[in-house]
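Results of the structural survey
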Amino acid sequence: MTRPVIWKAPSPLPGFSLSLGFTVAYMSLFVLIPLTALAIRPWENGLDNFLAVVTSPRALAALRLSFVAAAVAAVVNAVMGGLLAWVLTRYEFPGKRLADAVIDLPFALPTAVAGIALTALYAQNGPIGGLLAPVGIKIAYTPVGVVVAMIFVGLPFVVRSIQPVLQDLDQEVEAAAETLGASPLQTATRIILPAILPALLSGIGLAFARGVGEYGSVIFIAGNMPLRSEIAPLLIVTQLEQFDYAGAATIGMAMLILSFLILLGFNGLQGAIARRGA
Amino acid sequence: MAGFTPDRRGLLLGAGALALSGCAQGKGAQAALLNVSYDPTREFYRAYNTAFLARWREKGGAPFAVEQSHGGSGKQARAVIDGLPGDVVTLALASDIDEIAARGLIAADWQTRLPDNAAPYTSTIVFLVRKGNPKGIHDWPDLLKPGVEVITPNPKTSGGARWNYLAAWADALRRPGGSEQSAQTYVSELFRRVPVLDTGARGSTTTFVQRGIGDVLLTWENEAFLAAKELGPDKVDIVSPPFSILAEPPVAVVDHVVERKGTRDRAQTYLTQLYEEPAQVLAAEHFYRPRDPAVAARFADRFPHLTMADISNFGGWSVAQKRHFADGGVFDQIYQPGRRS
């Protein structure tokens, strides 16, 4: 027996068909139609061509850099963003409101501006890069620079995802754990972490996705050397500069498929955790 | 299925949003002339537009505005192809205008409709070096001296960088014993000394002047003058090599757009006057080499005489583009896996 399809939401509020119509039209206009246009392009020159473009050493190197750097940046953001969110929700200190507002700045700043600012800081003659250069650490114009830019643009996602959960977390539970003899580490890993885990994962997923697609801030700091510090979005732009729309769409499509699979896995993981918690 | 009431209002709302976006165009765009150009011409065209409009009004023409759009040359060509209603395009490479023409927006014979290959001013590729030229860089072979780092943008994404690359190639070719093979070797060696490939000319200028990376920047002559003047008169020197390439940034009326907007007359005048004396002087003042011999003579101390190759030495842009810069072309071969340390 299959479940009957229910078209009307069990809500006392009216306007279901209005909101469904609006949702469908809006989604089509801004998400589905552009993505369909993207999905049509790569096949113009056949499947062989699609595979040849995607598996060329340069495309593979660029895809690897984009995805690995985004993953590293997401992990760093998970730790540091988690810490920031904790400090911002649990402690009072002067300038807290200001610090809280500053977290969102990477959202608002044009990414190219961020990239230029980061490059100025981390270049070998910059204030930070200048200190690291004598010890042989180079950040700007290396893959490390790519990670730095992605950390910058991804940070707010993690903080803003777990902040509300931490705020709602009942501190009495922590107190109870402590009374029952739990060490601070046990309280953190057994009580707090499970509670914020779904939110944390969604934050990591968003930060990762942002990093993978990031272009503006990365190209200034990456150095853009083929096979070494060239990100996949730059390859797409390179294809477009040659008026090769199909080639550009091919790499875009490959990124989209990879991202989709990874985010799908993340959602699955989140679902599993939510079910276990329930 | 029974519960579904097909309420049309919701769908109508979506359709309304679609219709709105269509109305925004058309009105108001009528009056202004849009010049779609590339990055380094921003200052020149700002000055030219003021002069042009003043002259237009003096002759009793109805006033209108000229708007400018700047960006990477290839990106600007794509914007026009994708519907940006530029009345005229003033780009870095003939091949970018050819791409617009290939889609039927500009007549195929555009390059013969105006004098001098439709390029009212020219430029060339020169070297920008650190103050005092500590590495002693005077000519193309000096770029391969041990320990010299070269800054240039990526020819795949920058029109100026394509001129850099071709200038290097042409110089290697004319050396004693020069051949296609030796030219390819020279250019490959050159690009192996590039630590940062920016996407555009401005980015490379910043990398070289402000980040202090590299010993020599290959760049447009006009960009070198601007950088030396604005960014680092105490930091950099301009070195003109004895041999370079004649860069001809071309201009064209976008037929499809002027027909639709009824602006052909204005657009045509706008481009023709670029060849006349006032505009030629403005171009020279903005470090572009004027075509007018009289104006060129007046600015002779600014623009040293160089021997120059030009794009016809490469069989024209479409041949050069295909051989050197297309996917799998010579430039891509420089970055083959395993060939780098």
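Keep in mind it's a predicted model, so treat the numbers as computed, not measured.

Calculation rules
Residues numbered from 1 in each chain as written. Chains lettered and ligands numbered in written order. Predicted model: local features only at pLDDT ≥ 70, side-chain atom pairs only at ≥ 80, totals over all residues. Heavy atoms only, no water. Core = buried A, V, L, I, M, F, W, Y, C linked by side-chain atoms within 4.5 Å. Buried < 20%, exposed > 50% of the residue type's maximum accessible area, 1.4 Å probe, protein only. Helix = DSSP H or I, 4+ residues; strand = E, 2+ residues; numbered from the N terminus. Contact = heavy atoms within 4.5 Å. Buried area = accessible area lost by both parts, 1.4 Å probe. Salt bridge = Lys/Arg side-chain N within 4 Å of Asp/Glu carboxyl O. Polar contact = N/O pair within 3.5 Å; in protein donor to acceptor, adjacent residues only side chain to side chain. UniProt positions renumbered as here; feature names shortened; annotations may be inferred. Pairing = 2+ DSSP bridges. Axes fitted to C-alpha atoms, helices over the stretch in contact; angles between N-to-C directions.

1. Details of the nonpolar core
Counting 89 residues, the largest nonpolar core has Val89(B), Leu143(B) and Tyr165(B) as the members making the most contacts within it. In terms of residue count, the dominant contributor to this core is helix H6 (residues 159–174) of chain B (eight residues). If we skip the residues at most four places from it in the chain, Tyr165(B) touches Pro155(B), Val187(B), Phe191(B), His324(B), Phe325(B), Val330(B), Phe331(B) and Ile334(B). In terms of nonpolar packing, the next biggest core, distinct from the first, is built from 67 residues, Phe67(A), Ala69(A), Leu118(A) and Tyr141(A) among them.

2. Regarding the interface of chain A and chain B
Across the contact, 36 residues belong to chain A and 42 residues belong to chain B. Contact between chain A and chain B buries roughly 3400 Å² in total, counting both sides, with carbon and sulfur atoms accounting for 59%. At the boundary of chain A and chain B, one finds two salt bridges. Between Arg78(B) and Glu241(A) there is a salt bridge, with its nearest N and O atoms 3.8 Å apart. Counting across the interface, chain A meets chain B through eight residue pairs in polar contact (both at pLDDT 80 or more). The set of elements that each furnish at least two residues to the side of chain A that touches chain B consists of helix H1 (16–40), helix H3 (57–90), helix H6 (111–122) and helix H12 (232–241) of chain A.

3. Structural notes on the UniProt feature "transmembrane region" (unreviewed entry) in chain A
All names here are of chain A. According to UniProt, the feature "transmembrane region" (unreviewed entry) maps to residues 20–40, 60–89, 101–123, 135–159, 191–209 and 245–266 in the numbering used here. The span residues 60–89 is 100% helix and 0% strand, and its two end C-alpha atoms sit 42 Å from each other. Between the first and last C-alpha atoms of residues 101–123 the distance is 28 Å; the span itself is 78% helix and 0% strand.

4. Topic: the pattern of salt bridges
All names here are of chain B. If you walk through the whole model with that rule in mind, you get 28 salt bridges over all chains. Across the pair Asp-116 and Arg-291 runs a salt bridge whose closest N-O atoms are separated by 3.8 Å. Linking Asp-116 in helix H5 (residues 115–118) with Arg-291 in the loop between strand S10 (289–290) and helix H13 (293–298), this pair joins segments that are 175 residues apart in sequence. We note a salt bridge from Arg-202 to Glu-223, for which the minimum N-O separation is 2.7 Å. Taken together, the residues span a long stretch of sequence, with Arg-202 in helix H8 (residues 201–209) and Glu-223 in helix H9 (residues 221–231) at a distance of 21 residues. Here Arg-202 falls in the partly exposed class, since its relative accessible area comes to 29%. Since its relative accessible area comes to 2%, Glu-223 is described here as buried.

5. Digging into unusual backbone geometry
The residue Leu227(A) is not glycine, and still its phi comes out positive at about 70°. In this fold, Leu227(A) is placed in the loop between helix H11 (216–222) and H12. Notably, Asn117(B) is not glycine yet its phi reads approximately 55°, a positive angle. Residue position: Asn117(B) is located in helix H5.

6. Examining helix H12 (residues 277–285) of chain B
In an α-helix there are 3.6 residues to a turn, and that puts residues three or four apart on one side. All names here are of chain B. Within H12 the residues assigned to the buried category are Ala-279, Gln-280, Val-281, Leu-282, Ala-283 and Ala-284. Where H12 is buried, its residues meet helix H2 (42–58), strand S4 (121–130), S10 and H13. Just beyond H12, the residue with positive phi is Phe-287, at close to 70°.

7. Some words on the UniProt feature "domain: ABC transmembrane type-1" (unreviewed entry) in chain A
The feature "domain: ABC transmembrane type-1" (unreviewed entry), as annotated in UniProt, sits at residues 63–266 of chain A in this numbering. Along residues 63–266 of chain A one finds 78% helix and 0% strand; the C-alpha atoms at either end are 19 Å apart.

8. Some remarks on the sheet that holds strand S9 (residues 251–253) of chain B
Residue and element names in this part refer to chain B. Within the open sheet, the four strands sit side by side as S2-S1-S3-S9. Their pairing is mixed. Edge positions in the open sheet fall to strand S2 (66–69) and S9, since each of these has one partner strand only. Each strand of the sheet is rotated relative to its neighbour by a mean of 20°, with strand direction disregarded. For strand S3 (residues 88–90) and S9, the ladder comprises three bridges, and the chain directions are antiparallel. Counted as the bridge partner of Thr-90 is Val-251 from S9. Across the sheet, helix H11 (residues 264–272) lies against strand S1 (33–37), S2, S3 and S9, angled at about 165° from S9, the strand it touches most.

9. Re the side chain of His324(B)
Residue and element names in this part refer to chain B. Tracing the chain through its elements places His-324 in helix H14 (residues 317–325). A distance of 2.9 Å separates the side chain of His-324 from the side chain of Tyr-165, its partner in a polar contact. What His-324 contacts, discounting residues up to four positions off in sequence, is Tyr-165, Leu-166, Trp-169, Phe-314, Gly-329, Val-330 and Phe-331.

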